[in-house]
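# Descriptive structure summary
Listed below, chain by chain, are the residues.
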Amino acid sequence: MTDVLGTHTTELSGRAAQLLRDLGADLPTPGALTARTPITGEPLLTLAATEADAVDAAIDRAATAFRSWRVVPAPARAALVRRLAELLVAHRRELAELVTLEAGKIRAEALGEVQEMIDVCEFAIGLSRQLYGYTMPSERPGHRLMETWHPLGVVGVISAFNFPVAVWSWNTALALVCGDTVVWKPSDTTPLTALACHALLRRAAVEVGADPEVHQLIQGGSEVGARLVDDERVALVSATGSVRMGRIVGPRVAARFGRCLLELGGNNGAVVTPSADLELASRAIVFAAAGTAGQRCTSLRRLIVHSEVAAPLLQRLTKAYRQLRVGNPLDDGVLVGPLINERGYGAMRSALDRALADGGELLCGGERVDGFGTDAHYVTPAIVRMPAQTEVVREETFAPILYVLEYQDFDTAIALHNAVPQGLSSAVFTRDQREAERFLAADGSDCGIANVNIGTSGAEIGGAFGGEKQTGGGRESGSDSWKAYMRRATNTVNYSTQLPLAQGIKFE
Ligand code: NAD
């Protein structure tokens, strides 16, 4: 069929197949799982979900590979990640295009996601020589006290649809240099990009002489993820997705005393104070709130603006919003692509209805953009002025809705900002150093990410990424997040001829 884009669905599905081949992945055997493109809403390819016994076998292979991978020196393990980075550089355009086809990201954002993969590989390569443990002074003469970091085991990676490849690379690049093996369960909405990443990594392993079994891919929905969650051989479950998913996964992993790294939903806010540079703030706000069609965990969803600057800021924002080009993410000049599926569209509609019922005023956007086929869901990003932070504002709706609240004093702004269950990313726009510092202080933003004069989205890989409260508490990527992928041993070495006991205890 031909849609109004002039794009044949068969063309998109043929293109997806070609990209998979270019990226070195075998075309999947057709099955019950359907990869769709949100560009037209129609199927690209089908594939089979991984059966229960095949999941068990994949975990088994990863556990077996771990036994030899853990004793490969970390800088030698980095050779695999280095080759993966080289392959990503060589194939960045194909992989980014597949991200656009499958997740609907505009080209620039899809390329940015692949760049992030390359960046985190580079970070991990350097890290492989810096998996430092401390040496502490012992209280006993002739003794040395130190800590050693060892590989942890099999890491189960469960990822969300909206960063179909970057989240995998944050986990996998670090896990591999840390000496772990990986079993990946991607979102069942984005199985094709997963096939491509898996193929690139296996090729890298073959080319550097590493065991390709260090990485396993399993495909399917929550029931496939659940097998990973419940398996005792999986030492760490790193799960990215909704709070709803984390509420199930967290307790199940804890019940078997496994480790969990949770990266869950955000409901990110920005405070705009009277001294803010409104031009800079409005550019940052538009990117953070409307970029990726509001489908980033760090998307800006709540704007807390001082009454003195509300009118000029909203004027700028509504003007900029009206100029945003919504459309086919493959087209140049388009800034806002489609929502992932009908459920995403329904969630946006229902949130807007609730906000209006709560007394909200729709300042712009919120309309369906037709002409892309009945199964595609394009919307204009919405700004809604709210009389109060009602229940719908305290929830994460994974769509481009920006709620605006006004404040008069900074303490109230911080209190409003923190009065949501999630704690991922936050920002303050101000030229007042006291306000900036207060926002970053212990009694300021309660989020894992707190920024000054920059939006809530678009984190760099060098810093630890993650959030507090219902966002789950996990940290990935930079800083010392690698520690989540290793186990710490404390070693006391007695190099004297005496046997003094700790705390001065005499036992004779
Ligand atoms: P989702 O929770 O529906 O699914 C995420 C993943 O979890 C998928 O692979 C899914 O199959 C799996 N899953 C769901 N239930 C499971 C269960 N009971 N057991 C095992 N696995 C299960 O999320 P989504 O719609 O794909 O992604 C959007 C959500 O992800 C948003 O809430 C967003 O904020 C969040 N997200 C968070 C981060 C972060 O770093 N904090 C990053 C990206 C996305």
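Residues numbered from 1 in each chain as written. Predicted model: local features only at pLDDT ≥ 70, side-chain atom pairs only at ≥ 80, totals over all residues.

### What about the overall build of the protein chain?
For the protein chain, the helix and strand inventory stands at 15 helices and 23 strands. For the protein chain, whose C-alpha radius of gyration is 24 Å, the value lies close to the compact-globule estimate of 23 Å for 508 residues. Expressed as lengths along the three principal axes of its C-alpha atoms, the size of the protein chain is roughly 80 × 60 × 40 Å. The burial tally for the protein chain puts 54% of its 508 residues in the buried class. Contacts in the protein chain between residues at least 24 apart in sequence constitute 73% of all its contacts with a sequence separation of at least 6. (Helix = DSSP H or I, 4+ residues; strand = E, 2+ residues; numbered from the N terminus. Rg over C-alpha atoms; globule rule 2.2 N^0.38 Å. Buried ≥ 20, exposed ≤ 12 C-beta atoms within 10 Å, placed from the backbone. Contact = placed C-beta atoms within 7 Å.)

### Here we look at helix α11 (residues 307-323)
Each turn of an α-helix holds 3.6 residues, which means side chains three or four residues apart point in the same direction. If you check α11, its first and last C-alpha atoms are 25 Å apart, about what 17 residues at 1.5 Å a residue would give, namely 24 Å. If you look at α11, its biggest bend is around 25°, right at L313. Among the residues of α11, L313, L317 and Y321 are the ones counted as buried. Elements that come into contact with the buried residues of α11 comprise β10 (268-272), α10 (278-290), β11 (300-306), β12 (361-364) and β15 (382-385). (Expected span 1.5 Å × (residues − 1). Bend = angle between axes of the 7 residues up to and from the residue.)

### Considerations on the site of the ligand
Around the ligand lies a shell of 30 residues, among which A160, G225, G241, E263 and C297 are the nearest. At four residues, the largest contribution of residues to the shell around the ligand is made by helix α8 (residues 222-230). When its residues are assigned to classes, the shell around the ligand shows 14 nonpolar, 12 polar and four charged. When residues of the shell around the ligand are assigned to domains, at least three map to each of domain 1 (50-264 + 472-488) and domain 2 (268-464). (Near = placed C-beta within 6 Å. Nonpolar A, V, L, I, M, F, W, Y, C, P; charged D, E, K, R; others polar. Domains from an automatic or database assignment.)

### What to know about the domain arrangement of the protein chain
As assigned here, the protein chain comprises domain 1 (50-264 + 472-488) and domain 2 (268-464). Every contact between the two is made by 19 residues of domain 1 and, on the other side, 15 residues of domain 2. Where the side of domain 1 that touches domain 2 is concerned, the elements lending two or more residues are α4 (92-103) and α5 (107-127). If one sorts the elements of the side of domain 1 that touches domain 2 by residue count, α5 sits on top with six residues. Residue composition of the side of domain 1 that touches domain 2, by class: five nonpolar, eight polar and six charged.

### Here's the deal with the environment of G31
Structurally, the position occupied by G31 is in the loop between α1 (9-22) and β1 (33-36). Judged by C-beta crowding, with 14 C-beta atoms within 10 Å, G31 ranks as partly exposed. Taking the C-alpha atoms as reference, G31 lies 9.1 Å from L45; in sequence the two are 14 residues apart. If we skip the residues at most four places from it in the chain, G31 touches T46, L47, A48 and A49.

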